[in-house]
Each structure stands twice: as C-alpha cells, then as structure tokens.
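Fold and geometry: a report
Spelled out from the first residue to the last, the chains are:
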Amino acid sequence: MNKHTLSLLSFQAVIDELKGYTAGEEAKKLLDELVFHTEKDQADADLSCTTAVRKMMDASMVLPAFDLPEIAPALKLLPKQGTVLDAHDFGGLLRTLLCCTSVKRFLSQDDTPDVLRAMADKLPLPKTLSKDIGALVDRDGEIQYSKIPSLAKLQQLVKKARSSIEKRASAYINNPDFSEYFQTDVATLKDGRTVLPLKAQYKGRIKGIIHEVSSTGQTLFLEPADIVDMNNDLVVQENALRGEIHRLLRELTESTRQYCHELALINTQMAEIDVVFSKAKYSRVHKCQPALSSKTDVVLKNARHPLLGRDAVPLNYSLDSATSILLVTGPNTGGKTVTVKTLGILAAMNQFGMEIPADEGTTLPLFDDIFADIGDEQSIEQSLSTFQAHMKNIAFICTHAGPLSLVLLDELGAGTDPEEGTAIAMALLDHFLSKKTKVLATTHHGILKNYGYMKTGVMNASMEFDAEKLAPTYKVIMGIPGESHALTIAGRTGVPDGIISAARDYLTEERTDISRLIDELSREKRKLLEQEQQQREKELATREIFRDISLKEILLRQRERELREHGLADISTFLKDSRKTLERIIKEIREGAKQEAIDEGRKLLGMIEAKAEKETQRIAELEDISQDKEDTQIREGCHVRVHSTGQEGTVIRKTRNNQFIIGTGSMKVTLSEKDFSILPHKTKDKNITVEIVTPHSGSMAPAAFELNVMGFRLADAMRALEKQMDAVLVQGIAEFTILHGKGTGTLQHAIHEYLAQLPFVETFHFARPEFGGSGKTVVILRK
C-alpha cells in the first residue's frame, strides 16, 4: 500500500488506537508492519477472524485475559550454546505459556467458529515446560525457594547469618557506652556488608574497618572487627546460594533449549491472535461491520470516518461497475475532503483485515493500491509551489495506478489558471477513464460538472447545502453537481456586506445559465428523493396492514372451525350418554312395561330433540357467518351459477377489464360480476387428498412442505392451494413446493396466476430438472 497515501489518510492514527488494545509488544510490531491484503482468500480469512471475535464480544462471552510480556530477547539468546537465561526471562516465558494455554482452551471450544479453531490448532504447547519452569520461578520471575530443598536449606543459612549480624550491630548501637558514637540508630549496608554510622570525632574508639566517609566528612561507615568475620560468613553463604541458583537456571535453560522452535511459534502466533482481538475491540468501540466484497462495485451505507468519532456525518454513495469516476462538487467546508478521505481510509481498513464503521451492505473491492492527492503539499525545501507539488504527485499516480487501483483527488485542477487547470483535470480524468481506474475526485470548476454529464462512466455528485440555514449538511447527493456557495460562506465568515454585494454583481454579469440549471436540478432531485422515500414508507405500511388483515381473517376462520368441531364433539358426547340411558329404559320397558319408564323415555327423547335443534341452529349460524365472510368475495376457485344457462362453474381468474373467466365443464366463458352468483362453499370430494409431508398438531389442517394436486380438478386444486396458503401463514413456513405435473399446463398456469396476486409471496419458480422441473413449483414467502 502506498505509504504517502496512508500518511495523507492519517491511517497511523488507526494503527495507534489498535496498539492501545493489544497486550504484547510483538502485536504492536506486527501492526507496524502494515500488511494489507489484495487477494480475496487472504482478506476474507483475516476479516472473518475479526468478525468472529467481535460477535463473541457482542454475546458478552468471557474472553481470556492476555498476558504477553516481551520474550523476544530471551528467545534470541536461548538457541546459543553456553548461555543461561535468568529468572526474569523464565518468568516471561511462563506467563506466555500460561496465556497460550488459556487462549488455546478458549478457542478450541465446540461452539467456536472454525476460523478461530484453526488459529488455536496452530498453537503448540510443550507438555511439561510450563510445569518445569514453574517449579523454579513464579510468574513474576521470582525464585521458588520453598519448592527446592537445596535452595531452601541455603536460603535458611543466609537468613540465619544475616540475623546474627543484625543482632550484633544492634548491640553496638544500643550499648549505653556507645550511645553518643553513632549518627543514627540504624545500621546500613556498603557493598553488601553491614556497617555502623560512626561520628568522625569518635574514630578509633571501636576497632574495625572504615569502608566509606560521608560527603561532609562527619560520618565514618565502620565495620567492627567482630562483625567482619560474620560478614565474611554471609558472603560465603550468599555465594553458595547464588551458585546453586545458577546451576538450576543452567539446567533449566538446557532442557528448555529443545523447545526453541515451539516457543518462537507461540510468540508469533499469540501476537497474531492479539492483533485479531485488538481489531475486534476496535470494531466494538466504533460499531463496525464487515464490508461485503465485490470486484468493481463501491457502495457506502451510512459510512463514518473513524477519526471523527461522534461528529462524523454518515455518508451514502456508490460507484457501480459501469461507473469509474465520481465527481463531487459543492460548497467550501461542505465535507468534500472528508468524503474522499472516508472512502480511502475505509478501503485501507478493509484490506488490513478490519471491519469498518458503516452499515451492513457496504461493499468494497480489493484494490491493488490506493493513491491520493489531498491537501497543500507545497515544499519550501524543494522549491515546489502548491501546483508543482500536486503535479509531481499526480505524475506518480498516473504512472502506477491501474484498473484495480483507487485514486483519490481533492480539488482537482486547483492551484493554477482555472482554464488550464480544467484542461489538465479533464485530460487526467480521460486517462483514468481509459484505464477503468476507480476515481473519487472533488472540484469547483464548472466545466468539470459538464464533463460528468457528457462522459460515459462518469457520474456527478454534490454535497448538500441547506438553503434555509445557509449551511452545509455534509450529505452526498448522487446524480447532480453542486454549487460552491462561495459568497454565502464568505458572508458567514465576516466578509463585509459591501464586498459580498459587489462580488454578486460581478457574478451576475458573467454567470451563465449553468448555475441556474444546477439549482433547479438540485431542487427536483431532492423532491424526487423525498417522494421516493415517502412512497417506500407507504408501501411498507400498506403491506403490513394487508398482512395483519389476512392473518386476522385466517385466524377467524380457524376459530369458527374450532367452534363447529367443538359443537359436534359436544353433540357426540350427549348422544352417547343418551343412548346408554335409552337402552336402560328400553330394557326396563321390556321387562315390566312400567308407566314410569315410558314417561322417562319420552322425556329423554324430548331432551335429545331440543339439544339437537339447538346445536343445529348454532352450527347454522356459524356457517352463515363463515359463508358471509368467505363467499361474498369473488376469488379464484369460487363455485358460481351462470344466470343465463343455470350451469354451475368455477371462477378461473379475473381479467384486466374487471370481468371473470368462468369454467363450466369443458368450456370457458367470460362474464361480468352481475351475470353469475356465488354458490355456498361445497365440501371437497372424499377421494381428494392433500399430501402432508411433515405432521403438525392443531385444529387447522397443517401446512404441507409439498402440496400434491396432481389429478385434481382445477377448482379442487385451487381450494387446496388456498387452504395451504392459510396454513403456511399461520405456521410461519417460509418455503414449500407444489406438485402439479405438466399435462396441458392449465393447472400450472392457474396456480402461477394465483401466486402472482398474493402480496405475501416473495417469488416462485420451477424446480430444478432433477427435482421435477416444470412439473413442480417452488414457492418462497416474504419474511
């Protein structure tokens, strides 16, 4: 990636923030290497790791703690024969191994994404190394004296010798005969030996060795003669302890040396994992999403510049495969430069394996390089003017940019005579257009706005300006160029009104109709965008209302069926109980013909008749309600009677001129609504069945994953399909198939016309040849 461009885009600020989220120095070094991906497989693998970890964070999973000290110096020293690592080095290795174990265990869980499990699999874990190191030193690099008997014994001797020296020195200081001899009542150490702070005037009063004199000459640091031998014994004991520690460290170094390769691999791999986790933390902070990949298309959806924080205004614009150049015009301080930089820095982040601060659906290609000419690059040292500096940079871009590159040009054609600058700008754009290089350029030159209309592959865009507030909105409007609004901005910044008025007079004299045309186009474009948004909102609201109504109607019919079935069940129970009672009464009559039994029988028959009449009336009322709802609307498959002939038929479909095609036997006739009447709903023939692939519970007929209507009459097939649609809506099935066969195509055509009119059907198509081809239709419903 072009380093000059990265500097112009302030990409180092992104790297610095990532470093703040890392745990180890190796990860920081890895970030500084600035590895950008240009191959799709590499980019997808890197990005998928970042996304997987970010989703874990979103799910509030407890992540492992990263503790990665700097171990590179120790790893550099370890392979060399005769070298010995110190306790601090082994402490760092132990912390790294423990961290590696924790991370590997976390990333190896069953529910961990494969991309992260693959990273864990690359982590080697020497079986006993961490245990061996931990037996000698702890995580802080401190020797574990208590775990090794030889060290514990020597340490005890050292402590005993020190204690004896401290007691003897305290006896000198606390002796009443020597109370005036010492500057303080605390002994001190000089070169590891205990000495007493003797006042200079008492020199010679206590026999011993003077090791040092204070800077003022008032204090002599004396080692009394009887303490000399004690200090000598301590030196011997300490030396023995150090020797034993050195021996143990040497042995541990020798046993660790065989793991040089594994430790180097752990250091590298843990740094890569550390970088992935830092990128995921960045994504969480900036609310990032992974960009979709495309060979040519650039689509930004609510894209935000990551360095602007909450002040960033979301940007929306695109360059499809047919558009190579996007020319952005608009007012000064209107956000043109930020628009250019946002695309550049997001493209760099995407190829750095990072998610970007934009909404889902944002799409970016993998560029082979990104080139930019942004800002004032005047160089006093090289005697370059602003224009010369721009031309030098652009010359480099022209030489190196290709069809897979991204070129960002801010204030194209500026810095010189407007006419010549415009000519150079158009020639440059022609050059990039011929190479099919993706270019995002900003300009103030009016002729370049015309260029955007005249050239195929070039599109105009503008930064919106609020005419009421006289301020930019920082939003991009695609398709139309914008005005610079220089006079308005000059007035807002304090330029005197008289100067602004004079400038406006000059402008009126020289101005062509282009600016007026731009204003009109801008207003019309804004109106169209607002109307389009309102229309989308209305369509969405209407679709939701229709869906709610359809569901309510289906649920109402289901409830009516449940009530009817419940009523029939009550009658069945009542009749069973009554039958038992009646049999008992008949038996009593036969046995004795008592008047009481006869009266009881008559009473029972009366109850049965009353109950039957009541239930029959209730069911009839429910059926009337259902018929009112189901049969007052003319729909495909409805049973009707033709007034002129008295024949019964079925509605096949509705024509464009609001008439209906009625099938009567083998004939079809086209009639208006007044020429026929709807008949009550008929019960389906007993030999008609609907194949149910997956069983469900509930009173409504369950939806079929494959509805088999082969051999059905058209009307019966349409009724079966209507019930199927009711069921799939209630049960939430998103996809099913209809097996209708090929035949004459009448049934298939009627089914397709019916499906095309349903608003909750997303799409439908024939099955693949090996699964039925044109004899089977796959139906997909809206989510």
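Cut-off values and rules
- Residues numbered from 1 in each chain as written.
- Predicted model: local features only at pLDDT ≥ 70, side-chain atom pairs only at ≥ 80, totals over all residues.
- Heavy atoms only, no water.
- Helix = DSSP H or I, 4+ residues; strand = E, 2+ residues; numbered from the N terminus.
- Buried < 20%, exposed > 50% of the residue type's maximum accessible area, 1.4 Å probe, protein only.
- Contact = heavy atoms within 4.5 Å.
- Areas by Shrake-Rupley, 256 points an atom, 1.4 Å probe, with all protein chains shown as cover.
- Core = buried A, V, L, I, M, F, W, Y, C linked by side-chain atoms within 4.5 Å.
- Arc of directions from axis to C-beta.
- Pairing = 2+ DSSP bridges.
- Axes fitted to C-alpha atoms, helices over the stretch in contact; angles between N-to-C directions.
- pLDDT = per-residue confidence, 0-100.
- Phe/Tyr/Trp six-rings, centres within 6.5 Å; stacked < 30°, edge-to-face > 60°.
- Lys NZ or Arg CZ within 6 Å of the ring centre and 35° of its normal.
- Parallel < 35°, antiparallel > 145°, perpendicular 65-115°, else oblique.
- Left-handed = near helix turned anticlockwise from the far one by under 90°.
- Nonpolar A, V, L, I, M, F, W, Y, C, P; charged D, E, K, R; others polar.
- Salt bridge = Lys/Arg side-chain N within 4 Å of Asp/Glu carboxyl O.
- Expected span 1.5 Å × (residues − 1).
- Polar contact = N/O pair within 3.5 Å; in protein donor to acceptor, adjacent residues only side chain to side chain.

A few words now on the overall build of the protein. What the protein contains, in helices and strands, is 21 helices and 23 strands. Counting the 783 residues in the protein, one finds 43% classified as buried. Within the protein, contacts between residues at least 6 apart in sequence are counted, and of these 66% link residues at least 24 apart. Just so you have it, the protein exposes about 43,000 Å², and 53% of that area is on carbon and sulfur atoms.

Take the nonpolar core next. As a rule of thumb, nonpolar side chains are buried together in soluble globular proteins. Counting residues in each nonpolar core, the largest one holds 65 residues, and the members touching the most others are Ile 133, Leu 136, Phe 182, Met 270 and Ile 273. Here this core takes ten residues from helix H6 (residues 87–107), the largest share from any one element. Every residue in contact with Met 270, bar those within four places of it in the chain, is listed here: Phe 66, Leu 68, Cys 99, Cys 100, Val 103 and Leu 123. In terms of nonpolar packing, the next biggest core, distinct from the first, is built from 45 residues, Leu 326, Leu 343, Ile 374 and Val 476 among them.

Moving on: helix H7 (residues 114–121). Within H7 the residues assigned to the buried category are Leu 116, Met 119 and Ala 120. Taken end-on, H7 shows its buried residues confined to a sector of 100°, consistent with a single buried face. More than 90 degrees from the buried face of H7, the exposed residues found are Asp 114 and Asp 121. In the core, the buried residues of H7 are packed alongside helix H4 (40–58), H6 and helix H11 (260–286).

Before going further, it helps to examine the environment of Cys 398. Mapping Cys 398 onto the fold places it in helix H13 (residues 386–400). By relative accessible area, Cys 398 is classed as buried at 18%. For the pair Cys 398 and Leu 428, spaced 30 residues apart in sequence, the C-alpha separation works out to 8.1 Å. Excluding residues within four positions of it along the chain, Cys 398 makes contact with Leu 428, His 431, Phe 432 and Lys 435.

Turning next to the sheet that holds strand S21 (residues 735–739). An order of S20-S21-S23-S22 is seen for the four strands of this open sheet, with the pairing classed as mixed. Both edges of this open sheet fall to strand S20 (706–708) and strand S22 (761–766), since each of them pairs with a single strand only. Direction aside, the axes of adjacent strands within the sheet are offset by 20° on average. Looking at chain direction, S21 and strand S23 (residues 776–781) are connected through five bridges and run antiparallel. Its bridge partner lying in S23, Leu 739 is registered against Lys 776. Contacts between helix H20 (residues 714–731) and the sheet are confined to S20, S21, S22 and S23, with S21 contributing the most and set at about 170° to the helix. On the sheet, helix H21 (residues 746–756) packs against S21, S22 and S23 and is oriented at approximately 160° with respect to S22.

Below, the discussion takes up the confidence of the model for the protein. Chain-level pLDDT for the protein is 81 on average; 80% of the residues reach the 70-or-more range. Note on residues 378–384: pLDDT is under 50 here. Beyond four places in sequence and across chains, it has nine contacts. Counted against residues more than four places away or in other chains, residues 682–699, with its pLDDT under 50, gives 29 contacts.

Counting buried residues along strand S8 (residues 325–329), five of its five residues qualify, which places the element largely inside the surrounding structure. Neither face of S8 is exposed, since Ile 325, Leu 327 and Thr 329 on one face and Leu 326 and Val 328 on the opposite face are all buried. By the bridge criterion, four bridges tie S8 to strand S12 (residues 438–442) in an arrangement that is parallel. Following the sheet pairing, Leu 327 is matched in S12 by Ala 441.

Right, let's talk about the packing of aromatic side chains for a bit. The way to describe two aromatic rings as a pair is by their centre distance and the angle between their planes. Taken as a whole and judged by the stated rule, the model has nine aromatic pairs. Every member of this aromatic cluster is reached through a ring pair, and the members are Tyr 172, Phe 178, Tyr 181 and Tyr 202. For the cation-ring pair, Lys 190 lies above Phe 221, with the distance from its terminal atom to the ring centre recorded as 4.5 Å.

In this section: the sheet that holds strand S2 (residues 193–199). Across the sheet, which stays open at both edges, the four strands sit in the order S1-S2-S4-S3 with antiparallel pairing between neighbours. Each having just a single partner strand, strand S1 (188–190) and strand S3 (208–213) make up the two edges of the open sheet. Between one strand axis and the next, the sheet turns by 50° as a mean value, whatever way the strands run. Here three bridges tie S1 to S2, and the two strands are oriented antiparallel to one another. Across the sheet, Thr 188 pairs through a bridge with Val 195, a residue of S2. Relative to S2, helix H9 (residues 149–174) is tilted by about 5°, and along the sheet it contacts S2 and strand S4 (219–224). On the sheet, helix H10 (residues 225–256) packs against S2, S3 and S4 and is oriented at approximately 70° with respect to S4.

Take Met 56: it is sitting in helix H4. Put simply, Met 56 and Ala 280 are 224 residues apart on the chain and 9.3 Å apart in space, counted from C-alpha to C-alpha. Sequence-distant contacts of Met 56, that is, excluding residues within four places in its chain, are made with Met 61, Leu 63, Phe 106, Thr 112, Pro 113 and Leu 116.

Turning to the packing of H9 against H10, a few remarks are in order. Angle between the axes and distance between the axes: these two values describe a pair of packed helices. Two elements in contact, H9 and H10, have axes separated by 9 Å at closest approach and are oriented at 160°. Overall, the two elements H9 and H10 adopt an arrangement that is roughly antiparallel. Handedness of the H9/H10 crossing: left-handed. Residue composition of the contact of H9 with H10, by class: 15 nonpolar, five polar and six charged.

With that settled, consider unusual backbone geometry. In this structure, Ser 60 takes a positive phi of about 60° despite not being glycine. With respect to the helices and strands, Ser 60 occurs in the loop between H4 and helix H5 (72–77). The phi torsion at Lys 436 lies on the positive side, around 60°, for a residue other than glycine. Here Lys 436 shows up in the loop between helix H14 (418–435) and S12.

All right, on to the pattern of salt bridges then. Under the counting rule described, the total for this entry stands at 26 salt bridges. Connected through shared salt-bridge partners, Arg 54, Asp 58, Arg 284 and Glu 355 make up one network.

The next thing to look at is H6. Its 21 residues place the ends of H6 30 Å apart at the C-alpha level, agreeing with the 30 Å of an ideal helix rising 1.5 Å per residue. Of all the 21 residues making up H6, 15 are buried; the element is thus mostly covered by neighbouring parts of the structure. Backbone nitrogen of His 88 and a side-chain oxygen of the N-cap are separated by 3.2 Å at the start of H6; the cap is Asp 86.

Topologically, Asn 231 is positioned in helix H10. Residue contacts for Asn 231: discarding those within four places in its chain leaves Ile 165, Arg 193, Thr 194 and Glu 223.

Before going further, it helps to examine the environment of Val 213. Here Val 213 shows up in strand S3. We classify Val 213 as partly exposed; its relative accessible area is 44%. Distance in space between the C-alpha atoms of Val 213 and Leu 198 is 9.6 Å, their sequence separation being 15 residues. Dropping the residues within four chain positions of it, Val 213 is found in contact with Thr 219, Leu 220 and Phe 221.

This brings us to the pairing of strand S10 (residues 369–373). With five of five residues buried, S10 is to be regarded as a mostly interior element. Neither face of S10 is exposed, since Asp 369, Phe 371 and Asp 373 on one face and Ile 370 and Ala 372 on the opposite face are all buried. When S10 meets strand S11 (residues 405–409), the two strands line up parallel, connected through five bridges. Bridging from a neighbouring strand, Asp 373 pairs with Leu 409 of S11.

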